[in-house]
Amino acid sequence: KLLLPSMKINGLEITNLITNTTNDNTSRIGSDLLKFGTLTIDYANKRFYIEAKQDKIDANEQDFGFTRTLKNRKLIVGFVWDLDLKKKIKYGDEIIEINDTPVEICDLIKKRPFSQNNDTLKLKIKPVEGTIFEIVVNKKTTAHKVYQ
């Protein structure tokens, strides 16, 4: 997870941009640029252009402090960024319910429970080791919080 204090593309300045990267060949770095304007990819000349909706955008967003991923057709906790949350959940813990609703992979795509519209979620967690427990997670502004 990286914080770019400022990034400029074709006259568009984006501040407080947080991006998640991976070390595999399927990294989607840059896909969120579509939020800020129309992107044109010029394959022949190996360039891309963005027609921005405005000249300056503050991309400071809130998130839940951890990533999610799929493993063996189950939703699991990915990397935990939030220091307080790190004491409660860890990579590989299975998320079996969200807001008292059992996790169904197809529903995750349709309902998007981790989207911008939800500031608080109640999760039922089946940890890698230990007993099932419930936890309430809240979105926090991450650009100004230091993660270790």
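The structure under discussion appears in the preceding block.
As the structure is a prediction and not an experimental result, all values here were calculated from the model. (Residues numbered from 1 in each chain as written. Predicted model: local features only at pLDDT ≥ 70, side-chain atom pairs only at ≥ 80, totals over all residues. Heavy atoms only, no water.)

## Some points on the packing of aromatic side chains
Two descriptors summarise a pair of aromatic rings, namely the distance from one centre to the other and the angle between the planes of the rings.
So, step 1. Inspection of every chain in the model, using the stated rule, returns 1 aromatic pair.
So, step 2. With centroids separated by 4.3 Å and ring planes inclined at 45 degrees, the aromatic side chains of F79 and W81 adopt a geometry described as tilted.
So, step 3. One cation-aromatic arrangement involves R68 over F66; the distance from NZ or CZ to the ring centre is 5.3 Å. (Phe/Tyr/Trp six-rings, centres within 6.5 Å; stacked < 30°, edge-to-face > 60°. Lys NZ or Arg CZ within 6 Å of the ring centre and 35° of its normal.)

## Some points on a nonpolar patch on the surface
So, step 1. On the surface, a cluster of nonpolar side chains totalling about 370 Å² of accessible area is made up of I41, Y43 and F48.
So, step 2. Among the secondary structure elements, F48 is positioned in strand β4 (residues 47-52).
So, step 3. Of the residues examined, F48 reaches a relative accessible area of 41% and is grouped as partly exposed. (Patch = residues over 30% accessible without salt bridge, like charges linked within 9 Å, V, L, I, M, F, W, Y side chains within 5 Å. Areas by Shrake-Rupley, 256 points an atom, 1.4 Å probe, with all protein chains shown as cover. Salt bridge = Lys/Arg side-chain N within 4 Å of Asp/Glu carboxyl O. Helix = DSSP H or I, 4+ residues; strand = E, 2+ residues; numbered from the N terminus. Buried < 20%, exposed > 50% of the residue type's maximum accessible area, 1.4 Å probe, protein only.)

## As for the side chain of D82
So, step 1. Inspection of the secondary structure assignment puts D82 in the loop between β8 (74-80) and α1 (83-86).
So, step 2. From its side chain, D82 meets the backbone nitrogen of D84 in a polar contact 3.0 Å long. (Polar contact = N/O pair within 3.5 Å; in protein donor to acceptor, adjacent residues only side chain to side chain.)

## Overview of the side chain of E97
So, step 1. In this structure, E97 sits in strand β9 (residues 94-98).
So, step 2. Residues in contact with E97, not counting those within four places in the same chain, are P102, V103, K122, L123 and K124. (Contact = heavy atoms within 4.5 Å.)

## A short note on the environment of I89
So, step 1. Position of I89 relative to the elements: it lies in the loop between α1 and β9.
So, step 2. Counting along the chain gives 12 residues from I89 to V77, while the straight-line C-alpha distance between them is 7.5 Å.
So, step 3. Sequence-distant contacts of I89, that is, excluding residues within four places in its chain, are made with F66, V77, V80, I125, F133 and I135.

## Observations regarding the nonpolar core
Nonpolar side chains in soluble globular proteins generally cluster together in the buried interior.
So, step 1. Core analysis: the biggest nonpolar cluster contains 17 residues, and F66, I89, I95, I98, F114, L123 and V137 have the highest contact counts within it.
So, step 2. For this core, the secondary-structure elements that each account for two or more residues are β8, β9, β11 (120-126) and β12 (133-138).
So, step 3. One finds I14, L17, F36 and A59 within the second-largest nonpolar core, a separate group that totals 9 residues. (Core = buried A, V, L, I, M, F, W, Y, C linked by side-chain atoms within 4.5 Å.)

## Here's the deal with the pattern of salt bridges
So, step 1. Enumeration over the complete set of coordinates arrives at 5 salt bridges.
So, step 2. A salt bridge links K56 to E13, with the shortest nitrogen-to-oxygen separation between them at 3.9 Å. Of this pair, K56 sits in strand β5 (residues 56-58) while E13 is found in strand β2 (residues 12-19), placing the two residues 43 residues apart along the sequence.
So, step 3. Assessed through its relative accessible area of 52%, K56 is described here as exposed.
So, step 4. The partner of K124 in a salt bridge is E97, and the shortest N-O contact between them spans 3.7 Å.

## Some remarks on the environment of F64
So, step 1. You can see F64 is positioned in the loop between β6 (62-63) and β7 (66-71).
So, step 2. Separated by 75 residues in the primary sequence, F64 and K139 have C-alpha atoms spaced 4.4 Å apart.
So, step 3. Leave out the neighbours within four places in its chain, and F64 touches L85, F114, N118, D119, T120, L121, V137, N138 and K139.

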